[in-house]
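Understanding the architecture of this molecule
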Amino acid sequence: MNHNTGQPGNVNCIRNHIDNFGDPYIVQAGPEETRVCSECNAIYSGQRWYLKEQVDAEKMRHIDVHFTVCPACRKIKDRSPGGIVHITGNFIREHKDDIMNLIHNEGDRAKATNPLERIMGIEGTDGNYEVLTTNEKLAQRIGRALHKAYHGTVVYKWSEDNKLVRVSWQRD
């Protein structure tokens, strides 16, 4: 049985290349347009989102900037996750702080690469937690990190349109 899917023989189950096409939160702006998120201060420039600290502040002073709300902030506000990670088992009761630190570290690393990849929230108690993410890639990343660090069983299930992944990690 494969540890990534719980399915026999399905070795390459993690989807690495998932298109943003069809995601209503991803708005295509013109290549020369610069936007700033009024919620988190992320900056859209050159057809890509950046953290505020990744952009030259001096350069921004000379550009016509339009304010908007970035796709990640809109998803958080609408509570519309792209990924859900279910974490269950007795193991989490004894290692909750370490597991939560790992999850937050993965979220921080993902956000540094792509400001639209964020942890929306973590809910639950006593060995049963749910992590909501703004996109499916971060949920997959958290699942891989949990499995690599603590073993257990991880299962990935995608929706028909590839816009939601449910990752279940369990260890007793």
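Overview of the structure.

1. Looking at the pairing of strand 5 (residues 83-88)
The pairing of strand 5 with strand 7 (residues 128-133) spans 6 bridges and is antiparallel. Its bridge partner lying in strand 7, Ile 87 is registered against Tyr 129. In this structure, strand 5 lies alongside strand 9 (residues 165-170), joined through 6 bridges in parallel fashion. Among the inter-strand pairings, Ile 87 is bridged to a residue of strand 9, identified as Trp 169.

2. Description of the packing of aromatic side chains
Pairs of aromatic rings are described using the distance from one ring centre to the other and the angle between the two planes. This structure, assessed with the given rule, holds 5 aromatic pairs. Arranged with centres 5.4 Å apart and planes meeting at 55 degrees, the rings of Phe 91 and Tyr 150 form a pair that is tilted. Residue Phe 91 is found in helix 3 (residues 90-113), and its partner Tyr 150 is found in helix 4 (residues 136-150); the two are separated by 59 residues along the sequence. Take Phe 91 and Tyr 150: they sit in the same class, and that class is buried.

3. Quick word on the sheet that holds strand 7
Taken in spatial order, the 5 strands of this open sheet run 6-7-5-9-8, and their pairing is mixed. Among the strands making up the open sheet, the edge pair consists of strand 6 (119-125) and strand 8 (153-158). Averaged over all pairs of adjacent strands, the angle between strand axes in this sheet comes to 15 degrees, irrespective of strand direction. Of the strands in this sheet, strand 5, strand 6, strand 7 and strand 9 are in contact with helix 3, which crosses strand 6 at around 175 degrees.

4. Details of unusual backbone geometry
One non-glycine residue, Gln 47, lies in the positive phi region at around 65 degrees. In this fold, Gln 47 is placed in the loop between strand 2 (43-45) and strand 3 (48-50). With phi around 60 degrees, His 151 is a residue other than glycine that occupies positive phi space.

Criteria and thresholds
- Residues numbered from 1 in each chain as written.
- Predicted model: local features only at pLDDT ≥ 70, side-chain atom pairs only at ≥ 80, totals over all residues.
- Heavy atoms only, no water.
- Pairing = 2+ DSSP bridges.
- Helix = DSSP H or I, 4+ residues; strand = E, 2+ residues; numbered from the N terminus.
- Phe/Tyr/Trp six-rings, centres within 6.5 Å; stacked < 30°, edge-to-face > 60°.
- Buried < 20%, exposed > 50% of the residue type's maximum accessible area, 1.4 Å probe, protein only.
- Axes fitted to C-alpha atoms, helices over the stretch in contact; angles between N-to-C directions.
- Contact = heavy atoms within 4.5 Å.

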